[in-house]
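Residues per chain are reported as follows:
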Amino acid sequence: MGGQGDAIALRDPNDRLDAAERGETIVDVARADLLGRLSSALVHEARNPLNAMAIHLEVLADKLFDEAAGAVPPNLAKNLDAARKQVRRLDDLLRAWGEFACRQNHEDDLAACLQRVVDLAAYHLRKAGVEVALDAPPGVPLAAADRIAQVVLQLVLVAAGRAAPGGQLALSGERDDREIRIALRCNDGSEMSASPGEALAVEAARAVALSLGGEIALEEGAQWSCTIALPPVATAPRVVT
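Here goes a summary of the coordinates provided. Computed from a prediction, not measured in an experiment: that's the story for all the values here.

## Points about the nonpolar core
Grouped together as the largest cluster of nonpolar side chains are 43 residues, with contacts concentrated most on Val152, Leu155, Ile182, Leu184 and Ile228. Put simply, the parts of the chain that give this core at least two residues each are α3 (110–120), α5 (145–162), β4 (168–175), β5 (180–187), α6 (196–211), β6 (215–219) and β7 (223–230). The biggest single contributor to this core is α5, with eleven residues. Those residues in contact with Ile228 that sit more than four places away from it in its chain are Val151, Val152, Leu155, Ile180, Arg181, Ile182, Leu184, Glu215 and Ile216. Counting eight residues, the second largest nonpolar core, distinct from the first, contains Leu57, Val72, Val87 and Leu94.

Structure below.
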């Protein structure tokens, strides 16, 4: 599905890397693996104090309970609820990051997978001033969800960098008997051509999609759009050579 609008040149797999490039690639891969392993430990360590804070908030709520009124005073209850909400939010983000960093290859729901991607990319989208319109039917089973999330997340971050500030990124997913289709659409507010970082992200996303038996079609212009097509049947990721 490589569209005519593809503007990012990919390395010919037959090209030979020189010694310097090969060394840098090995360093980058090793660093990425190390960061993944360290992330799982960081998530575990960070969630422990969060759990302690949640427990102490409930202890504090018990101590503030007004027996006569039968409730915590409203002005204090508001603060407690705000603190509980932020603890849950941070815990949810850490759990989602931990699952992604640890490459958990579990069955998932398509809509839940795309929502997890949006949650992980929330900071970048907010910083870019881009809102996401997510449209994916619930109850659609998805295999290799962590790999698919990796592909979509890389492309969502590219879209966040190209989308016009104040614009909207449309992210949709569907599945039929032939394939799973995930589409991203946004107005391109960037006057610059694809940066090396964007090109690398797209190349990496293509490689992962290819390992799953799929492909990516990318088009650039007034509207930046990308379609990910994947086989509907669960298959073990294969090594692309």
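## Re α6
Between its terminal C-alpha atoms α6 stretches 23 Å, which fits the 22 Å expected from 16 residues at 1.5 Å a residue. Looking at the packing, one finds that the buried side of α6 touches α5, β6 and β7. Residue Gly213 follows α6 closely and has a positive phi angle near 85°.

## As for the packing of α5 against α6
Where α5 contacts α6, the axes come no closer than 9 Å and their chain directions differ by 155°. Of the possible angle classes, the one that applies to α5 and α6 is roughly antiparallel. As α5 packs across α6, the resulting crossing turns out to be left-handed. In this structure, α5 uses Arg147, Gln150, Val151, Gln154, Leu155, Val158, Gly161 and Arg162 to contact α6, whose residues at the interface are Glu198, Ala201, Val202, Ala204, Ala205, Val208, Ala209 and Ser211. The residue makeup of the contact of α5 with α6, split by class, is nine nonpolar, four polar and three charged.

## Comments concerning the environment of Leu76
Structurally, the position occupied by Leu76 is in helix α2 (residues 74–101). Sequence-wise, Leu76 and Ala61 are 15 residues apart; in three dimensions their C-alpha atoms are separated by 8.8 Å.

## A short note on the packing of α3 against α5
Axis separation between α3 and α5 bottoms out at 9 Å; the angle between their running directions is 45°. The angle between α3 and α5 places the two elements in the oblique class. The element α3 and its partner α5 pack so that their crossing is right-handed. Of α5, the residues touching α3 (which contributes Cys113, Leu114, Arg116, Val117 and Leu120) are Ala145, Ala149, Val152, Leu153 and Val156.

## Regarding a positive patch on the surface
A cluster of like positive charges, contributed by Lys85, Arg88, Arg89 and Arg126, occupies part of the molecular surface. Ranked by residues supplied to the positive patch, first place goes to α2 with three residues. Among the structural elements, Arg126 can be located in helix α4 (residues 122–128).

## Looking at the side chain of Asp188
The residue Asp188 is located in the loop between β5 and α6 in this model. On the basis of relative accessibility, which here comes to 16%, the residue Asp188 falls in the buried class. A polar side-chain atom of Asp188 sits 3.2 Å from a polar atom in the side chain of Arg162. When sequence neighbours within four positions are dropped, the list of residues in contact with Asp188 reads Arg162, Glu220, Gly221, Ala222, Gln223 and Trp224.

## Concerning the environment of Phe65
Positionally, Phe65 belongs in the loop between α1 (19–64) and α2. Taking the C-alpha atoms as reference, Phe65 lies 9.3 Å from Ala77; in sequence the two are twelve residues apart. What Phe65 contacts, discounting residues up to four positions off in sequence, is Gly70, Ala71 and Val72.

Conventions and cut-offs
- Residues numbered from 1 in each chain as written.
- Predicted model: local features only at pLDDT ≥ 70, side-chain atom pairs only at ≥ 80, totals over all residues.
- Heavy atoms only, no water.
- Core = buried A, V, L, I, M, F, W, Y, C linked by side-chain atoms within 4.5 Å.
- Buried < 20%, exposed > 50% of the residue type's maximum accessible area, 1.4 Å probe, protein only.
- Helix = DSSP H or I, 4+ residues; strand = E, 2+ residues; numbered from the N terminus.
- Contact = heavy atoms within 4.5 Å.
- Expected span 1.5 Å × (residues − 1).
- Axes fitted to C-alpha atoms, helices over the stretch in contact; angles between N-to-C directions.
- Parallel < 35°, antiparallel > 145°, perpendicular 65-115°, else oblique.
- Left-handed = near helix turned anticlockwise from the far one by under 90°.
- Nonpolar A, V, L, I, M, F, W, Y, C, P; charged D, E, K, R; others polar.
- Patch = residues over 30% accessible without salt bridge, like charges linked within 9 Å, V, L, I, M, F, W, Y side chains within 5 Å.
- Areas by Shrake-Rupley, 256 points an atom, 1.4 Å probe, with all protein chains shown as cover.
- Salt bridge = Lys/Arg side-chain N within 4 Å of Asp/Glu carboxyl O.
- Lys, Arg positive; Asp, Glu negative; His and termini not counted.
- Charge placed at Lys NZ, Arg CZ, Asp CG, Glu CD.
- Polar contact = N/O pair within 3.5 Å; in protein donor to acceptor, adjacent residues only side chain to side chain.

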